[in-house]
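One letter stands for each residue in the lines below.
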Amino acid sequence: MRVSYKWLREYVPVEQSPEELAELLTMAGLEVDSVIDFGAAYLGLRPGQVISVEPHPRAAQLLVCKIRLSDGEVTVVTAATNLKAGDKVPIALPGAALPDGKVIQPAEFQGIVSQGMLCSEEELGLARKSGGIMVLPSDTDLKADLATILGLDDHVLVLELTPNRADCYGMLNLAWEVAALTGTRVNLPAFSVQEEQGQSIHDLVTVEVEAPELAPRYAGRILINVKVGESPLWLKTRLLAAGMRPINNLVDLTNYVMLEFNQPLHAFDLNRMKDRKVVVRSARPGELIQTLDGEERKLKPGQLVIADAEQPQCIAGVMGAFDSEVTAATDSIFLESAYFAPVSIRRTAQELAIRSEAAIRFGKGLDPETVPLALDRVASLAHQLNIAQVVKGVIDCNSQPRVVRKIWFRPERINALLGTRLERDYMVDIFQRLNFKTEEDAATGKTYLVPPSYRLDIENEADLAEEVARLYGYNNIPATYPAAQIIGRLTPEQEFSGQIRKILLGLGLSEIITYSFHGEKMFDRLNIPAGHELRQAVRMKIPLSEEGSMMRTTLLPGVLETLSYNASRNHHDLQVFELAHVYHPTDQDGELPNEPLCLAGGLSGRVSEPGWNQSEREVDFYDGKGLLETLLAHLRVEGVSFRRGEHPALHPGRTAVLEVAGRQVGFVGEIHPTVKKEFNLTAPVILFELNLEVLWPAVNKEVIQVVPLPKFPPVLRDLAFILPENIKAEALANLFTEIGGEKLEAVNLFDVYQGGNIPNGYRSLAFALTFRLPDRTLQDEEVNTIMEAIIKAAAERFGAQLRG
């Protein structure tokens with residue numbers, strides 16, 4: 001929202017500078033993002049007077065003008081033919097910049113040097129088209145600043161309005177805020193409508209509202225003998241300061257009133273409306289309309305249109321149709337002012353990808369009481385500026401009469417909410433300055449506050465307290481701690497997540513945070529086949545883009561995008577993780593998706609930073625597996641096992657599935673070559689992902705038992721077996737534990753060997769076994785007995801032979 005400081009001062013005679021006013025508004029909750037010196041774009045331009053106009057001696061289409069300035073004379077060559085001696089004109093001298101940024105330089109035309117450029121309204125940004133050089137008023141002072149002469153010596157406050165304060169899109173509503181903050185009075189514009197005698201509006205047009213639920217209030221007036229042309233300069237400057245381009249006097253007038261009252265209006269060429277009929281209805285299936293931007297759009301039921309007897313002439317509250325556009329030939333206007341259902345307008349604008357000033361305002365919600373006022377304001381100004389005559393009467397279809405909101409006013413309650421001790425009279429003064437009314441109920445003795453109709457955000461006592469806080473000043477409210485009856489703490493699951501984060505950070509990984517959505521193509525990049533469960537994603541109804549059309553079902557896209565981003569910048573040695581939710585749709589329509597918390601990560605490049613005492617070893621599968629084993633051990637997860645598995649994004653044969661208590665909780669493995677190429681990765685990459693909600697039940701939640709260091713020495717034995725290569729080392733280790741019982745403290749695989757004198761299809765596995773009891777020293781005879789039992793059982797179960 002761009003606010004003209006000069007225009008605002010017409011309603012509120014503030015003494016504060018634009019910067020001081022910006023600070024007041026920001027501290028009151030209406031943030032001013034910036035203050036723009038609007039006249040700065042015209043600083044290098046000056047007024048001059050034409051002394052003479054002579055034909056160019058060597059170019060018939062050019063004229064040579066002598067221009068008097070306040071400090072001398074210059075020669076300017078121009079092609080404009082609307083000048084005569086004595087005219088005062090805007091001139092840009094060499095070195096000056098036009099509002100569009102173009103810098104003027106001396107130029108030679110057939111032997112004559114032009115020492116500047118005479119400016120048209122188009123070149124000054126005051127009109128879309130112009131037929132010649134702009135001629136200034138005859139009493140223009142040549143010493144004056146051009147911005148001041150044109151009324152452009154203004155400052156613009158750029159407001160960043162929150163959704164609940166859409167009322168401040170209107171200058172008059174904002175004026176009440178400024179008056180309340182500065183202690184001044186609001187000077188509302190006085191106007192009346194002078195209607196022509198004779199025909200009534202009901203004789204000239206028929207209005208039917210077939211969808212009152214989408215258009216609770218619809219009103220209109222008719223203007224005749226319309227003279228479409230250029231707008232006066234003051235009107236153009238108002239629109240330019242607000243960021244709108246002047247078009248013609250009638251359209252500019254409706255935009256001016258929209259900015260003033262926060263009520264969009266639309267003008268229809270009445271003679272182009274079939275049977276002079278206006279029908280407010282829902283679009284029909286497949287109905288087409290060519291909008292003002294030249295695009296043909298296909299409509300559907302639920303989208304509100306303003307139609308004539310045959311076809312739509314406007315997408316209600318969004319954009320008009322090309323067929324009913326006001327042109328230079330227009331002489332009769334049906335002027336529309338309405339209150340449309342905000343949700344309907346927002347949805348229609350989003351579905352048709354149209355963003356207009358009207359759609360923004362209608363979509364945020366307007367004041368239905370402003371509908372007839374805005375019509376009368378345009379009619380009054382149109383007559384005052386001799387643009388048109390006003391036909392007698394107004395059509396106002398109002399199916400939703402205003403319900404007055406009354407809120408119980410309890411100063412003690414407001415003080416309790418704010419932690420203040422403000423007097424009742426002080427609060428009443430604040431609300432009166434904000435245009436609230438007070439009502440006393442004699443029967444109950446209660447006082448009620450009635451907010452103005454445009455303050456749609458005021459609904460209850462908490463809203464009243466906010467108004468008091470804004471005007472009193474948030475910085476004046478003493479800081480106090482809230483009284484809490486319950487001391488907050490993290491849930492066990494939250495503590496679990498925090499512990500995972502600490503462990504991984506301690507292991508040298510870096511945490512990343514990535515987007516929760518991606519596009520359909522991401523599944524192809526991840527090598528996910530059609531029909532795979534990971535492709536069953538929650539799809540966005542109104543995506544921001546194709547790349548953000550669905551919610552993620554795995555965290556791998558974010559991890560791989562991060563690795564790829566860094567690799568493209570020659571940073572290949574990276575170890576990252578992300579702790580976040582994924583989203584899986586449910587079978588029931590309307591149900592929210594399942595959002596399990598997951599952990600994913602990636603290891604890339606070398607294991608450690610290069611150095612004289614560090615190896616150049618690159619990451620492999622066992623680094624990823626070891627990382628997860630370390631993590632799960634610190635988390636005290638029980639029943640962990642790894643088995644050979646598959647994942648579409650991972651290398652076949654170099655992938656393991658992680659199971660806990662018989663349930664699959666994740667995977668770890670080397671990236672698939674196809675996926676690696678797709679993400680432009682060249683270094684080795686190991687990926688992993690865990691479902692923490694499945695993992696959580698397997699966490700040992702008992703209090704950690706602390707035991708003393710062992711007092712008795714261990715007995716160490718080594719065993720090496722030759723056995724078929726399909727026998728897993730884990731199976732042999734489980735056999736050792738089963739036979740060794742409490743006397744076997746640890747089993748460690750320290751060698752795997754194939755080749756040499758080992759038969760084909762076999763391999764050698766060597767284990768280090770540690771035996772110990774906490775209460776006494778083990779005897780060799782006891783350990784020997786266990787070892788013999790292990791050797792015998794290994795031979796019987798697995799066909800293992802003791803290697804000499």
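Position labels on residues start from 1 in each chain and follow its written sequence. Residues qualify for local features only when their pLDDT is at least 70, as the model is predicted, and side-chain atom pairs are given and counted only at 80 or more; totals for whole chains, interfaces and linings, by contrast, use all residues. Excluded from the side-chain calculation are hydrogens and water; included are all heavy atoms of the structure.

Student: Would you mind going over the overall build of the protein with me for this structure?
Tutor: Per the secondary structure count, the protein includes 21 helices and 39 strands. Taken over C-alpha atoms, the radius of gyration is set against a globule rule of 2.2 Å times the number of residues to the power 0.38. Rg of the C-alpha trace for the protein: 40 Å, well past the compact-globule value of 28 Å for 804 residues, more than 25% over. Structurally, the protein occupies a C-alpha span of about 125 × 90 × 60 Å along its principal axes. Buried residues in the protein amount to 49% of all 804 residues. In the protein, 69% of the contacts between residues at least 6 apart in sequence involve partners at least 24 apart. Counting every atom, the protein has about 40400 Å² of accessible surface; 50% of that belongs to carbon and sulfur. Only four residue types enter the charge count: Lys and Arg as positive, Asp and Glu as negative, with His and the chain ends excluded. To locate a charge, take atom NZ for lysine, CZ for arginine, CG for aspartate or CD for glutamate. Distance from the positive charge centre (80 side chains) to the negative charge centre (107 side chains) of the protein: 0 Å. The numbering of helices and of strands both runs from the N terminus, where a helix is a DSSP run of H or I of at least 4 residues and a strand a run of E of at least 2. Burial classes: relative accessible area under 20% of the type maximum marks a residue as buried, over 50% as exposed, and values in between as partly exposed (1.4 Å probe, protein chains only). Should any heavy atoms of two residues lie within 4.5 Å, those residues are considered in contact. Residue burial considers only the protein chains on display, and all accessible areas are found by Shrake-Rupley using a 1.4 Å probe.

Student: Would you explain the pairing of strand 10 (residues 155–160) in this entry?
Tutor: Where strand 1 (residues 2–4) and strand 10 come together, 3 bridges link them in antiparallel fashion. The residue bridging S4 from the neighbouring strand is V156, located in strand 10. Judged from the 6 bridges that link them, strand 2 (residues 31–37) and strand 10 form a sheet pairing that is antiparallel. Directly across from E31, in strand 10, lies its bridge partner E160. Between any two strands, pairing holds if DSSP finds at least two bridges.

Student: Is there a simple way to think about the packing of helix 2 (residues 18–27) against helix 4 (residues 171–182) in this case?
Tutor: Two quantities define a packed helix pair, namely the angle between the axes and the distance from one axis to the other. Axis lines are fitted to C-alpha atoms, over the contacting stretch for helices. Their N-to-C directions set the angle, which ranges from 0 to 180 degrees. The interhelical angle for the contact between helix 2 and helix 4, taken along N-to-C directions, is 95°, at an axis separation of 11 Å. One way to sum up the angle between helix 2 and helix 4 is to call them roughly perpendicular. Here helix 2 contributes L21, L24 and L25 to the contact with helix 4, which in turn contributes L174, V178, L181 and T182. Note on residue classes: Ala, Val, Leu, Ile, Met, Phe, Trp, Tyr, Cys and Pro are nonpolar, Asp, Glu, Lys and Arg are charged, and everything else, Gly too, is polar. The residue makeup of the contact of helix 2 with helix 4, split by class, is 6 nonpolar, 1 polar and no charged. Should an angle lie under 35 degrees it is considered roughly parallel, over 145 roughly antiparallel, and from 65 to 115 roughly perpendicular; all remaining angles are considered oblique.

Student: How do you make sense of the nonpolar core when you look at a structure like this?
Tutor: Think of a nonpolar core as a cluster: buried Ala, Val, Leu, Ile, Met, Phe, Trp, Tyr and Cys residues, connected wherever their side-chain atoms sit within 4.5 Å. The biggest cluster of nonpolar side chains holds 120 residues, and the ones touching the most others in it are L25, L157, Y218, I306, F334 and F340. It is helix 4 that contributes the most residues to this core, 9 residues altogether.

Student: What am I meant to see in the pattern of salt bridges here?
Tutor: Two side chains that carry opposite charge are able to pair once their charged atoms sit near each other. Note on definitions: salt bridges are taken to be side-chain nitrogens of Lys or Arg within 4 Å of carboxyl oxygens of Asp or Glu. Summed over the entire model, instances satisfying the criterion amount to 48 salt bridges. Here E439 ties to K406 by a salt bridge, and the two come within 2.8 Å at their closest N and O atoms. Taken together, the residues E439 in strand 25 (residues 437–441) and K406 in the loop between strand 23 (395–398) and strand 24 (407–408) connect sequence positions 33 residues apart. By relative accessible area, which is 31% here, E439 ends up partly exposed. In this structure, the salt-bridge partner of R455 is D457, at a minimum N-O distance of 2.9 Å. Each of the two residues, R455 as well as D457, counts as buried.

Student: Any chance you could explain the side chain of Q263 here in plain terms?
Tutor: Take Q263: it is sitting in the loop between helix 7 (249–261) and strand 14 (265–269). Looking at Q263, the relative accessible area reads 0%, which means it is buried. Apart from residues no more than four positions distant in its own chain, Q263 is found in contact with V257, M258, S337, A338, F362, L366, D367, T370, V371 and A374.

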